[in-house]
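# Observations on chain architecture
Next come the chains, spelled out residue by residue.
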Amino acid sequence: MWLKNIVCGIVARNLILRTPLVYMSLSRKKDILVILCFHGVTQYNRLGMTANYEGRHIHTDTFAEILEYMMRFFNPISLEQLEGYYYSEKPLPKNPLLLTFDDGFANNYHHAFPVLKRFGCPAVIFLATGYLDNKSSFWVERLEYSVHNTESKRLKMNFMGNDFDMPLNTAAQKETAYLTVLRYLKSGLSFSRIEETVQLVCEHLGFPSLNGIQDNEDYRFLTWAEVREMAASGISFGAHTVNHINLTHEDKEKAEWEIQTSKQEIERHLGKECIAFCYPFGRSGYNGMMEGLLKKAGFKFSFQLGGGLNNQNTNPLLLNRIPLGWGSRKEEILWQILRN
């Protein structure tokens, strides 16, 4: 019976996606707002120049294919249109779609921006402002770069009272080691403890300075000059803290400084109000106190990674997004939207 149900489900999905039934299905979803979340758009294969262990960077060709496909069924909107919808009761076009990018990787400028211009599609990029202008990369990127490029055969060390001993002989072993350390670091440590630990791991693997990381646009970040150029072409920018920290792992004063300073930096460089914020680490970086701090700072929107859809009644300070990455495929994205 279960096999029959699976086969029937596949047949039904293909029937809907490959016929005019998809338009009928979308027409029944009145007043929905779809928001997609990307991180990076890369020219490299996975486990090549960039490890891309978590699949956060999507290939340029796949990104263009997905965007072209989605624009058959949806109408891309800007952040300004979103503001009008939630705060001035202005209608959105039929089947509205908002594209967002987290973090501010340099590949957003080099590879995503040309595709967005080709299709005339607006987007919102959330910046962790402390890393712009070729400053140090996130601890996540530094950790991945070190594990991917090390010549060490084992990661054997003790930090924070925990013993780690993992082989690094193959790409699969390196990926396992990276994900193991990553899960530990995301389990509730403060930003300062994470930075201290990552520095120890990088030194242990032979990368105390990480100079080579700036040669790869998947690891380095945007410059303010690139941000201004994109802003002049219709790309909007929101805040993503200064240091890309999990706000719920910090005290209130630190969280408030991260929120307000990232907003002020964007406003200073672009000369316009910054109204949108994105929680680092998705929903795990959100709680009621953070929402209060965002309101105090003057934000009108904030975004999470809930995976669902939105409508007029969705809390604009907790908008849902569907995450996309290396393994995303156009028809699977549309099917997820139709099933929501």
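Check the entry above for the structure.
Scope of this entry: the structure provided in the associated data block.

Scoring rules and cut-offs
Residues numbered from 1 in each chain as written. Predicted model: local features only at pLDDT ≥ 70, side-chain atom pairs only at ≥ 80, totals over all residues. Heavy atoms only, no water. Buried < 20%, exposed > 50% of the residue type's maximum accessible area, 1.4 Å probe, protein only. Axes fitted to C-alpha atoms, helices over the stretch in contact; angles between N-to-C directions. Helix = DSSP H or I, 4+ residues; strand = E, 2+ residues; numbered from the N terminus. Parallel < 35°, antiparallel > 145°, perpendicular 65-115°, else oblique. Left-handed = near helix turned anticlockwise from the far one by under 90°. Contact = heavy atoms within 4.5 Å. Nonpolar A, V, L, I, M, F, W, Y, C, P; charged D, E, K, R; others polar. Phe/Tyr/Trp six-rings, centres within 6.5 Å; stacked < 30°, edge-to-face > 60°. Lys NZ or Arg CZ within 6 Å of the ring centre and 35° of its normal. Lys, Arg positive; Asp, Glu negative; His and termini not counted. Salt bridge = Lys/Arg side-chain N within 4 Å of Asp/Glu carboxyl O. Core = buried A, V, L, I, M, F, W, Y, C linked by side-chain atoms within 4.5 Å.

### Some remarks on unusual backbone geometry
One non-glycine residue with positive phi stands out, namely Leu 47, at about 65°. Phi at Glu 89 takes a positive value of approximately 55°, unusual for a residue other than glycine. Accessibility expressed as a relative area gives 74% for Glu 89, which makes it exposed.

### Side note on the packing of helix H9 (residues 224-231) against helix H10 (residues 252-270)
The relative placement of two packed helices comes down to the angle between their axes together with the axis-to-axis distance. Packing of H9 against H10 brings their axes to within 10 Å, and their N-to-C directions diverge by 70°. With respect to H10, the element H9 is oriented roughly perpendicular. In this structure, H9 meets H10 at a crossing whose hand is right-handed. Each of Trp 224, Val 227, Arg 228 and Ala 231 in H9 lies in contact with H10, whose residues at this interface are Glu 265, Ile 266, His 269 and Leu 270. Looking at side-chain class alone, the contact of H9 with H10 contains five nonpolar, one polar and two charged residues.

### A look at the packing of aromatic side chains
Across all of its chains, the model carries 20 aromatic pairs by this definition. Ring centres of Phe 105 and Phe 221 lie 4.8 Å apart, and the angle between their planes is 25°; this geometry places the pair in the stacked category. One end of the pair, Phe 105, is in the loop between strand S5 (96-103) and helix H5 (107-119); the other, Phe 221, is in the loop between helix H8 (191-204) and H9, with 116 residues separating them in the sequence. Residue classification places Phe 221 among the buried positions, given a relative accessible area of 1%. Among the aromatic residues, those joined into a cluster by ring pairs are Tyr 85, Tyr 86, Tyr 87 and Phe 301. The aromatic ring of Phe 113 is capped on one face by Lys 117, whose charged end is 4.5 Å from the ring centroid. A cation sits over an aromatic face here: Lys 300 above Tyr 87, 5.7 Å from the ring centre.

### A look at the side chain of Glu 226
Within the element layout of this structure, Glu 226 appears in helix H9. Notably, Glu 226 is buried but unbridged: the nearest opposite-charge side chain belongs to Arg 220, and the N-O separation is 5.8 Å.

### Topic: helix H4 (residues 79-87)
If you check which residues of H4 are buried, you get Leu 79, Leu 82, Gly 84, Tyr 85 and Tyr 86. In this structure, the buried side of H4 is in contact with S5, strand S6 (123-127), strand S9 (235-239), strand S10 (276-278) and strand S11 (301-303). Just beyond H4, the residue with positive phi is Glu 89, at close to 55°.

### Observations concerning the pattern of salt bridges
One pass over the structure, following the stated rule, counts 14 salt bridges. One salt bridge connects Lys 254 with Glu 258, and the closest N-O pair in it is separated by 3.2 Å. With Lys 254 and Glu 258 both in helix H10 and four residues apart, this pair spans about one turn of that helix. The salt bridge involving Arg 268 is made with Glu 265; its shortest N-O contact spans 3.0 Å. Of this pair, Arg 268 and Glu 265 both sit in helix H10, three residues apart, roughly one helical turn. A relative accessible area of 57% means that Arg 268 is categorised as exposed.

### Concerning the environment of Gln 173
Relative to the assigned elements, Gln 173 resides in helix H7 (residues 171-185). Along the primary structure Gln 173 and Val 147 are separated by 26 residues, whereas in three dimensions their C-alpha atoms are 9.9 Å apart. In contact with Gln 173, not counting residues within four places along its chain, are Pro 167 and Leu 168.

### What to know about the nonpolar core
Among the nonpolar cores identified, the biggest contains 92 residues, and Leu 36 and Phe 63 are the most heavily contacted of them. Discounting chain neighbours no more than four positions away, the residues touching Leu 36 are Met 70, Leu 97, Leu 98, Leu 99, Thr 100, Ile 322, Leu 324 and Ile 333. Core analysis: the second largest hydrophobic core is formed by 17 residues, Tyr 85, Tyr 86, Val 124 and Phe 301 among them.

Nothing here speaks to function; it is all geometry.
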